There are 2 protein chains.
Amino acid sequence: MAETTINDYISPMTDTRTIYFATFPGAELLDIAGPAAVFTAANQLSGRPLYRVDVIALPSGEIDHGGGLGLTARAIADIIPGPADTLVVAGGYEAEITRAVADTDLLAGLGRIARQFGRIGSVCSGTFLLAAAGIITDQRVATHWRGAPRLAARFPGLTVDPDALYVRDGDIWTSAGVTTGIDLALAMLEADHGRALKTRVARELVVYAHRPGHQSQFSDVLDAQTRAGDRYGALIDWMQDRLDQPLKVADLAAYCGQTERTFQRRFSAASGMPPARFVETLRMKHGRDLLEAGLAVKQVAGRCGFRSEAAFRTAFRQHFGVAPGQHARMLAV
Amino acid sequence: MAETTINDYISPMTDTRTIYFATFPGAELLDIAGPAAVFTAANQLSGRPLYRVDVIALPSGEIDHGGGLGLTARAIADIIPGPADTLVVAGGYEAEITRAVADTDLLAGLGRIARQFGRIGSVCSGTFLLAAAGIITDQRVATHWRGAPRLAARFPGLTVDPDALYVRDGDIWTSAGVTTGIDLALAMLEADHGRALKTRVARELVVYAHRPGHQSQFSDVLDAQTRAGDRYGALIDWMQDRLDQPLKVADLAAYCGQTERTFQRRFSAASGMPPARFVETLRMKHGRDLLEAGLAVKQVAGRCGFRSEAAFRTAFRQHFGVAPGQHARMLAV
């Protein structure tokens, strides 16, 4: 059946591309295993050696990926990549990625080989490593929602997309959190060998070829709220209690005893977003919580200050990339 | 913020549970890395050592998981599991799982330790290993869609659910293909520590707490069609050309020159399903292909022989577990 015809869709390029996964102690194993499964499945389903995977680190040997997970890596200095090859840098939790980013030998090693690759990618907080090594400087990038504001603050030349599951900017492909490495690898596979093989691989791995929604759908921290908290904590509490009511900027300014213009300026500086968007974000966050708690869309719309269910649906879809009902089914507690 | 309160939701059980991943040469690394990431994230987000992960194999040492992926494993004979611990058996592609299932030492080793565990799971074709080792005999189980008919034929005592992303039957938890190991681990986490932590972990990994759809949504092989092909190939071609028309069993029997009753019996035996359900499955498969090719639901309904768009929507949702429009967005070529 279809198995025997898939090669009709694959470009006749015959060279095997190598995907080098750069790792470090404590890196998330899934950041490597997810993308690697995509490339391995491409070989299996096409019956051709389209990809080779390799794991590289500093030093070489068995690298501890947390508890009982030891992955064997070759030395970064030993590899000779070609322009058809890809470097994918894994990420990890905060303590581990912080240590990796402080490892100047690792940064130098990555920086030295990076320009030899035709394509460079990262998964999750691996984007921090690419930035710290100077491999990316002014690209549009993605990273885990938890680290997105920190990445943007630390590397102001980068444009961090807080919504995307992955971002391609020229030869730089960065992805959001953990499992989005699979989405990234599927996108690379599509670029190399077309959509038909990409879809076949997605089916084989029992994963969606296109995931619905944005990364913001998954985040549970309203970072702006945290940042604005010290200065505007009381105001934010006051807003939270009144999300079912109209909250005009004039009302917020009056609460703070400031002119509207001064309030706009100061609040935006403290929270990183204009007051109106801040209120909208609070409404969306509250609406999502209520949906996940099992309330009907109609009830939720009213409690979030929307006059109509339709207006709430539109706003929710714009914010999270999926309809409220679909979200409730997929992310409900 | 929420990080500091999540422990309010976790049961006060303090013992660390160990999740042992049983692997073999050529096993799919993602079958281990996916579930492991769930348990690791649970530790990170709760700030407590809820889980320990360990990789076991026969023999111990570096196990090749395909190309450049070498994972270190301890010897199966060396572990002493407790009733709070879990065994999860990884799967692999056909050649590798076939080799593993023929390894009588591996089967004996798994069989010997299995009864000590409080919970046993498998990912993908790992279900074949559990069955071959005699650890499961008459359970309801899941496995990769590609292997489901083979598993059912080889181990007739098992009830194979071809749709589920994972199945829990008592202490036996089996999952479908590759990435469904993550769904399985999330379900185990929920059973151990409740829904709140499960949802937080899902967000951390940027993965859905509940995936929409059934496994059949991902399968691209109509196995019954293949099986019935030799005997009823011409009939199936004739049906494929007429999916936009009513196809009554009487018509199919007449095409074959058989009485309706004889046809019912013989076709069911050859294909593994009654003719009416076979036709319905062909319609659904055709509808899915057309949706993925970009056709509107209304057009698709007509071409699949449904009188109304609504009837098509209902049938599609029953068959694949998602609405046609949602499916088109997530799995479109």
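Caption draft 1: A look at the pattern of salt bridges. For the structure shown, the criterion picks out 24 salt bridges over all chains. Ionic pairing is found between A:Lys198 and A:Glu190, a salt bridge with its closest N-O pair at 2.5 Å. You can call A:Lys198 buried: its relative accessible area is 3%. For the salt bridge of B:Glu292 with A:Arg203, the shortest nitrogen-to-oxygen distance reads 2.7 Å. Of this pair, B:Glu292 sits in helix H11 (residues 275-292) while A:Arg203 sits in helix H7 (residues 195-204), each in a different chain.

Caption draft 2: Up close: the packing of aromatic side chains. Scanning the model with the defined rule gives 22 aromatic pairs over all chains in all. Centre to centre, the rings of A:Tyr208 and B:Phe218 are 5.2 Å apart; their planes meet at 35 degrees, and the pair counts as tilted. On the criterion of chain membership, the pair formed by A:Tyr208 in the loop between H7 and helix H8 (223-240) and B:Phe218 in the loop between helix H7 (195-204) and helix H8 (223-240) is interchain, its members lying in two chains. The exposure class of A:Tyr208 is buried, given its relative accessible area of 2%. A:Arg119 extends its terminal NZ or CZ atom over the ring of A:Trp173, reaching a point 5.6 Å from the ring centre.

Caption draft 3: Highlighting the packing of helix H11 (residues 275-292) of chain A against helix H13 (residues 309-320) of chain A. All names here are of chain A. One can describe the packing of H11 onto H13 by two numbers: an axis separation of 10 Å at closest approach and a directional angle of 100 degrees. Classified by the angle between their axes, H11 and H13 sit roughly perpendicular to one another. On the side of H11, the interface is formed by Glu280, Thr281, Met284, Gly287, Arg288 and Leu291, while H13 contributes Phe312, Ala315, Phe316, His319 and Phe320. Taken together, the residues that form the contact of H11 with H13 break down as six nonpolar, three polar and two charged.

Caption draft 4: Structural detail: the nonpolar core. Residues A:Leu129, A:Val201, A:Phe312, B:Leu129, B:Val201 and B:Phe312 are the most contacted members of the largest nonpolar core, which totals 192 residues. Those residues in contact with A:Leu129 that lie beyond four places of it in its chain are A:Phe24, A:Val89, A:Ala90, A:Ile97, A:Ala100, A:Val101, A:Leu106, A:Leu107 and A:Leu110.

Caption draft 5: Quick peek at the relation of the copies chain A and chain B. Of the transformation superimposing chain A on chain B, the axial component is 0.0 Å and the angular component is 180 degrees, with the fit at an RMSD of 0.1 Å. Here the copies are linked by what is in effect a two-fold axis. Every residue of chain A has its C-alpha some distance from the rotation axis, and the shortest such distance is that of A:Leu71, at 2.3 Å. The overlap is high: 100% of the interface residues of chain A also sit at the interface in chain B, so the same surface is used on both sides.

Caption draft 6: Looking closely at the interface of chain A and chain B. Of the residues lining the interface, 66 residues belong to chain A; the matching set on chain B comes to 68 residues. Surface buried jointly by chain A and chain B totals about 5700 Å² across both partners, of which 57% is contributed by carbon and sulfur atoms. Here chain A and chain B share four salt bridges between them. Residues B:Arg146 and A:Glu204 are paired through a salt bridge, measuring 2.4 Å at the closest nitrogen-oxygen approach.

Caption draft 7: Focus on the domain arrangement of chain A. Residues and elements named next belong to chain A. Under the domain assignment used here, chain A contains domain 1 (2-217) and domain 2 (223-331). Here domain 1 and domain 2 have C-alpha centroids that lie 35 Å from each other. Between domain 1 and domain 2, the contact holds six residues from the first and eleven residues from the second. Around 670 Å² of area is buried between domain 1 and domain 2 when both sides are counted, 54% of it from carbon and sulfur atoms. Counting across the domain 1 and domain 2 interface gives zero salt bridges. Remark: the boundary between domain 1 and domain 2 carries five residue pairs in polar contact (both at pLDDT 80 or more). A class-by-class count of the residues in the side of domain 1 that touches domain 2 yields two nonpolar, four polar and no charged.

Caption draft 8: A look at helix H1 (residues 29-46) of chain B. Residue and element names in this part refer to chain B. Taking 1.5 Å per residue, 18 residues should reach 26 Å; H1 reaches 26 Å between its end C-alpha atoms and fits that length. Here H1 lies mainly inside the structure; 15 of its 18 residues are buried. If you check the start of H1, you find a side-chain oxygen 3.1 Å away from the backbone N of Leu30, and it comes from Glu28. Gly47 sits one or two residues past H1 and shows a positive phi near 70 degrees.

Caption draft 9: Looking closely at a positive patch on the surface. All names here are of chain A. Taken together, the side chains of Arg231, Arg261, Arg265 and Arg266 present a region of like positive charge at the surface. Top element by residues in the positive patch is helix H10 (residues 260-271). It accounts for three residues. Here Arg231 shows up in helix H8. The exposure class assigned to Arg231 is exposed, which follows from its relative accessible area of 58%.

Caption draft 10: Region of interest: the environment of B:Ala57. All names here are of chain B. You can see Ala57 is positioned in strand S2 (residues 51-57). Note on Ala57: relative accessible area 1%, which makes it buried. Counting along the chain gives 36 residues from Ala57 to Tyr93, while the straight-line C-alpha distance between them is 17 Å. Discounting residues that sit within four places of it in the chain, Ala57 has contacts with Thr23, Ile63, Ala73, Arg74, Ala75 and Ile76.

Caption draft 11: Highlighting helix H2 (residues 94-101) of chain B. Turning to H2(B), its buried residues number three or more, namely B:Glu96, B:Ile97, B:Ala100 and B:Val101. One face of H2(B) carries all of its buried residues, which in axial projection span an arc of 130 degrees. Exposed and facing more than 90 degrees away from the buried side of H2(B) are B:Glu94 and B:Arg99. Against the buried residues of H2(B) lie helix H1 (29-46) of chain A together with helix H3 (104-114), helix H4 (126-132) and helix H5 (148-154) of chain B.

Caption draft 12: Representation of the side chain of B:Ser125. Residue and element names in this part refer to chain B. Mapped onto the fold, Ser125 is located in the loop between strand S6 (119-122) and H4. Overall, the relative accessible area of 7% leaves Ser125 in the buried class. Of the polar contacts made by the side chain of Ser125, one reaches the backbone oxygen of Gly92; its length is 2.7 Å.

Calculation criteria
- Residues numbered from 1 in each chain as written.
- Chains lettered and ligands numbered in written order.
- Predicted model: local features only at pLDDT ≥ 70, side-chain atom pairs only at ≥ 80, totals over all residues.
- Heavy atoms only, no water.
- Salt bridge = Lys/Arg side-chain N within 4 Å of Asp/Glu carboxyl O.
- Buried < 20%, exposed > 50% of the residue type's maximum accessible area, 1.4 Å probe, protein only.
- Helix = DSSP H or I, 4+ residues; strand = E, 2+ residues; numbered from the N terminus.
- Phe/Tyr/Trp six-rings, centres within 6.5 Å; stacked < 30°, edge-to-face > 60°.
- Lys NZ or Arg CZ within 6 Å of the ring centre and 35° of its normal.
- Axes fitted to C-alpha atoms, helices over the stretch in contact; angles between N-to-C directions.
- Parallel < 35°, antiparallel > 145°, perpendicular 65-115°, else oblique.
- Contact = heavy atoms within 4.5 Å.
- Nonpolar A, V, L, I, M, F, W, Y, C, P; charged D, E, K, R; others polar.
- Core = buried A, V, L, I, M, F, W, Y, C linked by side-chain atoms within 4.5 Å.
- Least-squares fit on C-alpha atoms with pLDDT ≥ 70 in both.
- Buried area = accessible area lost by both parts, 1.4 Å probe.
- Domains from an automatic or database assignment.
- Polar contact = N/O pair within 3.5 Å; in protein donor to acceptor, adjacent residues only side chain to side chain.
- Expected span 1.5 Å × (residues − 1).
- Patch = residues over 30% accessible without salt bridge, like charges linked within 9 Å, V, L, I, M, F, W, Y side chains within 5 Å.
- Areas by Shrake-Rupley, 256 points an atom, 1.4 Å probe, with all protein chains shown as cover.
- Lys, Arg positive; Asp, Glu negative; His and termini not counted.
- Charge placed at Lys NZ, Arg CZ, Asp CG, Glu CD.
- Arc of directions from axis to C-beta.

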